[in-house]
Amino acid sequence: MKKVLRMTLVLIMALVANVAMAQKVVTFTAGTDKGSQGTVSEADNVAKDGISISCDKGAFAAKEYRLGQGSKTTFSTKTGTITKIVFNCTASADAKKYGPNCIGAATGEYTYEGMTGTWTGAATKVEFTAKAQLRASSIEVTIALGGDFVATPVISGDAIFAETTTVTITAGEGTTIKYTINGDDPTDDRGEVLNYTAPFTINQTTTVQAVAYKGGKASEVATKTFLKKALNGEGTMEKPYNVEDVIALQKAGVAPAKNVYVAGIVSQPAEAISQYNDINFYISDDGNTENEIMAYNSKYFKEANYTDMKQVPAKGDKVVLCGKIIEFNNIVELGRGNYLVSLNGKTEGEAQKDTLTFTASEALAALAADKQPEGVCYITGTICEEVDTTGLAQFGNLTYKISDDGTAANSLIVFRSKSFDGAKYTKDFYLKKGDQVKILGQLINYVKEGETTAIPEVQANSKLISVNGHTTGVNHVTIDKMNANAPMYNLAGQRVSKNYKGVVIQNGKKFFNK
C-alpha cells in the first residue's frame, strides 16, 4: 500500500513538473512593448511571443497601457492556452480610476487587491470590459504550451549599421528555419524563401522574416528590420540624434525603446501651457516646418512642470530633449514624458539667463536699475507711435516705440529692428502703429557720443518673433484679387518670384510651390 502511494506521489510530482515546464510567462512592459496609439481615442493592439492584446479604445504607446472607459480588450494566442493574466496597475483598487477594479472578465475568475488584478482560467481568448479607464505599467500573461508548440525564432544583429552587419537567427532545438530578405512570406514556398544554416551578412537596409518548423508545425513569423544609415548622432547627451535621425529610425521601425537625446530647432512653438503643466511644440533641423517632429506633452528641465510662458522655448530656439521616439497618426514624435535638457546650448540654471521675457515697462525698469540681461531677451509690447521707416528701403529695418498699453507713456525704443529670423522688412510687409509684437534683442542704455544722458532702448538688429500672435508675416500680406497672376510671398512675408521653391502664400492660401 505504501509503495503504491509512493508511486502515485512520484507520478503526480512528475506531472506537475511537466506542466510547469510546459508553461511560459510573457511580460508586456509599457514603453518597451508598444502599440501605435499615445492617447485613448482609437483601437490599438500589441503582440509579443505569440500573444496578442487588442483594445477597441486603448493606448499602448503611452507611458502606461491604457484601456479606455467602456472599451473591450481581448487577449488571444495560437500557441497554447491562457491560464493567467496579471495587470500591474498605476493606481490601487481604492482609487476611482486607473486601478485593477476598473475591469471585469467575461469568463474565468478575476480578482484584485492593491494595485494588482489577476485573471485565472483556461482559454485561447479572454475578453475584458472596462467600467473606467485602467492603466497598467506592465501585463503578465501565462500560457500553457500545447505539445505541438514551436517557439518563434529570434533574429539578432545590429539594427543600425554603417557598412555591413551580421544577421543570426536562432530557434528551438530540433527545428529548421526558413527566412526571406526581400519581403516575401517565409511560409510561402512560392516566394524566394531561403534555408537558414549559418549567420549571413547584409550591406543594405533589409527586413528579415523567419519561421521555424518542427514536426510539420510552424512557429509565428519573426520580423526585424536592419537600417543602413550613417546617423548624425548616437542618441546620447554628448552626441544627440538630430531630427533627420529620429524620422529615419522610426520609419524603419528600429527606433530604440529607451529614452534618447534629440537636438533640434523650434519650428512651431507652444501656444500655451496645458492643464497638466506641459507643452506641445515642434522641432526640425533647420527651424522650418518641413521634416519636423512633435515634442508631445513635453516637460521643463528635469521633468519639472512649466509654470510660466517665459520658460517656454520660442521659435528658432535650439533645444536638446530627452524622450522616447514614437509615431502617432503618422506623426513622428517624442512621446509623453519627454523633457528639456538644454536651451540654446545652456542647461538648467543657465538657460534662462539670456532668454528672459520682459514687458516694455519691465524692460524700462530693468534698464533704470541697470539690471538688464547681459545677452538677448524677449520683449513684448504694443507699437504706440507711427513707425519710422527711414531705414526700410535701403537697410530693411524699422525704428519704433512700444509700451504695455499702446500709449506713448512709458514707451521703449526699438532701434533699427529686423523682421522674422533677422530678415529685412519690405514694402510688402512691415509693422504699423497698434501692432502687438514680441521681439528678441539686447536691452541697453545708449549714450550718444559727447552726451551723458542714457537712452533706454533695444539695440539695433533685434528680430521679430511674433506680431499680433502670428509667427509669420502672413496676416500683413495684401493679396491681389487676381488668381494665377497674384503675387507670392514666403513665410517671412517677403514677396518672391513664381520660380521660388518652398512654402508660399498666394491669394490668401498657403501651399508648397514646386
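One can find the structure itself at the top, above this paragraph.
Residues numbered from 1 in each chain as written. Predicted model: local features only at pLDDT ≥ 70, side-chain atom pairs only at ≥ 80, totals over all residues. Heavy atoms only, no water.

**Student:** I'm lost on the overall build of the protein chain in this one. Help?
**Tutor:** Each helix and strand in the protein chain was counted, giving four helices and 40 strands. Within the protein chain, the fraction of its 514 residues that count as buried is 43%. Partitioning the intrachain contacts of the protein chain with sequence separation of at least 6 by distance along the chain shows that 56% fall at a separation of at least 24. A total accessible area of about 26300 Å² is found for the protein chain, and carbon and sulfur atoms account for 49% of it. (Helix = DSSP H or I, 4+ residues; strand = E, 2+ residues; numbered from the N terminus. Buried < 20%, exposed > 50% of the residue type's maximum accessible area, 1.4 Å probe, protein only. Contact = heavy atoms within 4.5 Å. Areas by Shrake-Rupley, 256 points an atom, 1.4 Å probe, with all protein chains shown as cover.)

**Student:** Please explain the sheet that holds strand β15 (residues 165-170) as it appears in this structure.
**Tutor:** Whether parallel or antiparallel, the strands of a sheet pair through hydrogen bonds between backbone atoms. In space, the three strands of this open sheet follow the order β13-β15-β18, with antiparallel pairing throughout. Both outer strands of the open sheet, β13 (154-156) and β18 (200-202), are each paired with one neighbouring strand and no more. Here the strands of the sheet are splayed against their neighbours by 30° on average, with no regard to which way each runs. Of the pairings in the sheet, the one linking β13 to β15 comprises three bridges and is antiparallel in character. Following the sheet pairing, I155 is matched in β15 by I169. (Pairing = 2+ DSSP bridges. Axes fitted to C-alpha atoms, helices over the stretch in contact; angles between N-to-C directions.)

**Student:** What should I look at first to understand the sheet that holds strand β25 (residues 318-323) in this one?
**Tutor:** Spatially, the seven strands line up as an open sheet ordered β26-β27-β24-β23-β22-β25-β28, and their pairing is mixed. Looking along the sheet, the strands with just one partner apiece sit at the ends: β26 (325-328) and β28 (339-343). Adjacent strand axes in the sheet meet at a mean angle of 45°, parallel and antiparallel pairs treated alike. Direction of pairing for strand β22 (residues 260-268) relative to β25: antiparallel, over a ladder of six bridges. Bridge pairing in β25 places A263 opposite V320. Contacts from helix α2 (residues 243-251) reach β22, β23 (279-284), β24 (293-298), β26 and β27 (331-334) within the one sheet, and its direction differs from that of β26 by about 65°.

**Student:** Whenever I open this one, the pattern of salt bridges confuses me. Can you help?
**Tutor:** Any two side chains of opposite charge can pair, on the condition that their charged atoms come close. This model, assessed by the stated rule, comprises nine salt bridges. E327 serves as the salt-bridge partner of K251, at 2.7 Å between the closest nitrogen and oxygen. Taken as a pair, K251 in helix α2 and E327 in strand β26 lie far apart in primary sequence, 76 residues in all. Between D435 and K432 there is a salt bridge, and its shortest N-O distance comes to 3.3 Å. Here D435 falls in the buried class, since its relative accessible area comes to 2%. (Salt bridge = Lys/Arg side-chain N within 4 Å of Asp/Glu carboxyl O.)

**Student:** What am I meant to see in the side chain of S219 here?
**Tutor:** Within the secondary structure layout, S219 lies in the loop between β20 (217-218) and β21 (222-228). Under the relative-accessibility criterion, S219 is labelled buried at 9%. For S219, the residues in contact, after removing those within four places along its chain, are V150, A151, T152, P153, V211 and A212.

**Student:** Help me understand α2 in this model?
**Tutor:** Residues lying three or four places apart along an α-helix face the same way, a consequence of the helix completing one turn every 3.6 residues. All buried positions along α2 are accounted for by V243, D245, V246, L249 and Q250. Projected down its long axis, α2 carries its buried residues within an arc of 155°, all on one side. Where α2 begins, the side chain of N242 points an oxygen toward the backbone nitrogen of E244, at a separation of 3.3 Å. One or two steps after α2, the chain reaches G253, where phi turns positive at roughly 75°. (Arc of directions from axis to C-beta. Polar contact = N/O pair within 3.5 Å; in protein donor to acceptor, adjacent residues only side chain to side chain.)

**Student:** Help me understand the nonpolar core in this model?
**Tutor:** One broad rule of soluble globular proteins: the nonpolar side chains tend to lie buried together. Counting residues in each nonpolar core, the largest one holds 29 residues, and the members touching the most others are F28, F75, I85, F87, F128, I139 and V141. Those elements that provide at least two residues to this core are β1 (23-29), β3 (51-55), β5 (65-67), β7 (80-89), β10 (116-123), β11 (125-130) and β12 (134-145). Element by element, the count of residues in this core is highest for β12, at five residues. The residues touching F128, leaving out its near neighbours within four places in the chain, are S71, K72, T73, F75, I85, F87, I103, G104, A105, Y110 and W119. Counting residues in each nonpolar core, the second largest holds 27 residues, with V243, I293, A295 and V312 among its members. (Core = buried A, V, L, I, M, F, W, Y, C linked by side-chain atoms within 4.5 Å.)

**Student:** Looking at this structure, I do not really get the pairing of β26. What am I missing?
**Tutor:** A regular strand places its side chains on the two faces of the sheet in alternate fashion. Strand direction decides the pairing type here: β26 and β27, joined by four bridges, are antiparallel. What sits directly across from F328, in β27, is I331. Counting the residues that bridge the hairpin from β26 to β27 gives two residues, and of these N329 lies at a positive phi of roughly 50°.

**Student:** How do you make sense of empty space enclosed by the protein when you look at a structure like this?
**Tutor:** Here the idea is plain: a probe the size of a water molecule rolls over the atoms and shows the empty space left. Counting across every chain of the model gives one cavity of 30 Å³ or more. The volume enclosed by the largest cavity comes to roughly 50 Å³. Forming the boundary of the largest cavity are K315, F420, D421, K463, L464, I465 and T471. Sorting elements by how many residues they give to the lining of the largest cavity places strand β36 (residues 463-467) first, with three residues. When its residues are assigned to classes, the lining of the largest cavity shows three nonpolar, one polar and three charged. (1 Å grid on protein atoms, 1.4 Å probe; cavity = no way out; pocket = protein on both sides within 12 Å on 5 of 7 lines; lining within 4 Å. Points joined across faces, edges and corners; volume = space filled by probe spheres on them. Nonpolar A, V, L, I, M, F, W, Y, C, P; charged D, E, K, R; others polar.)

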